[in-house]
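Fold and geometry: a report
Here is how the chains run, residue by residue.
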Amino acid sequence: MRIQVLTIFPELFAPFVATSLVGRATERGLLRIEVHDLRDYSEDRHRSVDDEPYGGGGGMVMTAPPWIRAVRDLAGDRQPWRVLLSPQGRRLDDAKVRELAAREELMLLCGRYEGIDERVRETMVDEEISIGDYVLSGGELPAMVLIEAVSRQVPGVVGLEKSVREDSFRRGLLDHPHYTRPPVVEGLEVPEVLLSGNHAAIESWREAEALRATLEKRPDLLVEADLTEVQRRELERLRKSARKSG
Ligand code: 4GX
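Now for a look at the structure at hand.

Rules behind the numbers
- Residues numbered from 1 in each chain as written.
- Predicted model: local features only at pLDDT ≥ 70, side-chain atom pairs only at ≥ 80, totals over all residues.
- Heavy atoms only, no water.
- Pairing = 2+ DSSP bridges.
- Helix = DSSP H or I, 4+ residues; strand = E, 2+ residues; numbered from the N terminus.
- Axes fitted to C-alpha atoms, helices over the stretch in contact; angles between N-to-C directions.
- Contact = heavy atoms within 4.5 Å.
- Phe/Tyr/Trp six-rings, centres within 6.5 Å; stacked < 30°, edge-to-face > 60°.
- Lys NZ or Arg CZ within 6 Å of the ring centre and 35° of its normal.
- Near = heavy atom within 4 Å.
- Polar contact = N/O pair within 3.5 Å; in protein donor to acceptor, adjacent residues only side chain to side chain.
- Areas by Shrake-Rupley, 256 points an atom, 1.4 Å probe, with all protein chains shown as cover.
- Parallel < 35°, antiparallel > 145°, perpendicular 65-115°, else oblique.
- Left-handed = near helix turned anticlockwise from the far one by under 90°.
- Nonpolar A, V, L, I, M, F, W, Y, C, P; charged D, E, K, R; others polar.
- Expected span 1.5 Å × (residues − 1).
- Buried < 20%, exposed > 50% of the residue type's maximum accessible area, 1.4 Å probe, protein only.
- Salt bridge = Lys/Arg side-chain N within 4 Å of Asp/Glu carboxyl O.

Strand order in the open sheet formed by five strands is E2-E1-E6-E5-E7, and the pairing between neighbours is parallel. The sheet is open, and its two borders are formed by strand E2 (32–37) and strand E7 (127–130), each paired with just one other strand. Pairwise comparison of adjacent strand axes, ignoring direction, gives a mean angle of 30° for this sheet. Pairing geometry for strand E5 (residues 81–91) and E7, over five bridges, is parallel. Residue pairing for E7: Arg91 is matched across the bridge by Ser130. With respect to the sheet, helix H4 (residues 94–101) is in contact with E5, strand E6 (105–110) and E7, its orientation differing from that of E7 by roughly 135°.

Once that is clear, we can look at the packing of aromatic side chains. Taken as a whole, this structure holds zero aromatic pairs when the rule is applied. The lysine or arginine in question, Arg103, covers the ring of Trp81, its NZ or CZ lying 3.8 Å from the ring centre.

Looking now at the site of the ligand. Among the 21 residues in the neighbourhood of the ligand, the closest are listed as Ile131, Gly132, Tyr134, Leu136 and Gly138. Tyr134 is positioned with one of its backbone polar atoms (N or O) 3.0 Å from a nitrogen atom of the ligand. At 2.9 Å, a backbone N or O of Leu136 approaches an oxygen atom of the ligand. Protein coverage of the free-state accessible area of the ligand, which is 460 Å², stands at 94%.

This next bit is on the packing of helix H8 (residues 199–217) against helix H10 (residues 229–245). The contact between H8 and H10 brings their axes to 10 Å, and the two run at 55°. Classed by the angle they form, the pair H8 and H10 counts as oblique. The handedness of the crossing between H8 and H10 comes out as right-handed. Contacts from Glu207, Ala208, Leu211, Arg212 and Leu215 of H8 reach H10 at Gln231, Glu234, Leu235, Leu238 and Arg239. Considering only residue class, the contact of H8 with H10 consists of five nonpolar, one polar and four charged.

Let us look at H8. With 19 residues, H8 should reach 27 Å at 1.5 Å per residue; the first-to-last C-alpha distance of 26 Å fits that figure. Considered for burial, the residues of H8 that qualify are Ile202, Trp205, Ala208, Glu209, Ala210, Leu211, Ala213 and Thr214. Turning to H8, the residues buried within the fold contact helix H9 (219–224) and H10.

With that settled, the discussion passes to the pattern of salt bridges. Applying the stated criterion across every chain, the model contains 18 salt bridges. Measuring nitrogen to oxygen at the nearest pair gives 2.9 Å for the salt bridge that ties Arg218 to Asp220. When its relative accessible area of 33% is taken as the criterion, Arg218 is described as partly exposed. Put simply, Arg2, Arg32, Glu34, Arg78 and Glu105 are held in one network by salt bridges that share partners.

Set out below in structure tokens:
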């Protein structure tokens, strides 16, 4: 998959694309991330890409022409799916991440300042996506969030296919707790079943703990999760014992 990024801060992406999972995927040719400087598409000698807003008011707005030239030039005839990162977008979730990962070509538009001339969104953008309801200073961090999440869903990128398949959100539930050495931490021991070597018992414990965590921390997820009959019965048991102790 190829991901093109358009930004006035290309240097922000250098360590990100070279490191860890994304870096390895790039080296292995599974992923190609191209970062382009929007200022290369400015046409004045100061390489400016912003101007005062029509109607007045505080802050600057990114002008349309550099974006239009850049998107046209970089898209060529490959028709990438063009995503604008902005707080006005639809919230990114696991389903959207997998939808994006199925595409061959993505182009991510990272704005700064108060925003971008609305006509860029109208003519050059396929989809507007937000990573959450808070305001950042630019679309660069949201683009990196999206790239990392999408990369994990590209076949072959995550070493153990199993860890993607059993990824908590894939099943619509939160993850179960994890433990590793040492056996005692601040007086707290590891749940005995994990030391038992009984893989069937470990599997059902993890299953139950994933349900418990979801019920306690994100009950909203249970509305959408498509649970097996066994999971439904376990959930009923957990709800009953919560009522008793609660
Ligand atoms: N999830 N921001 C974008 C500038 C901007 C505004 C409007 C295009 C249109 C954000 C978020 C986010 C701050 C990135 C404003 N660009 N993006 N930037 N939350 O807060 O995605």
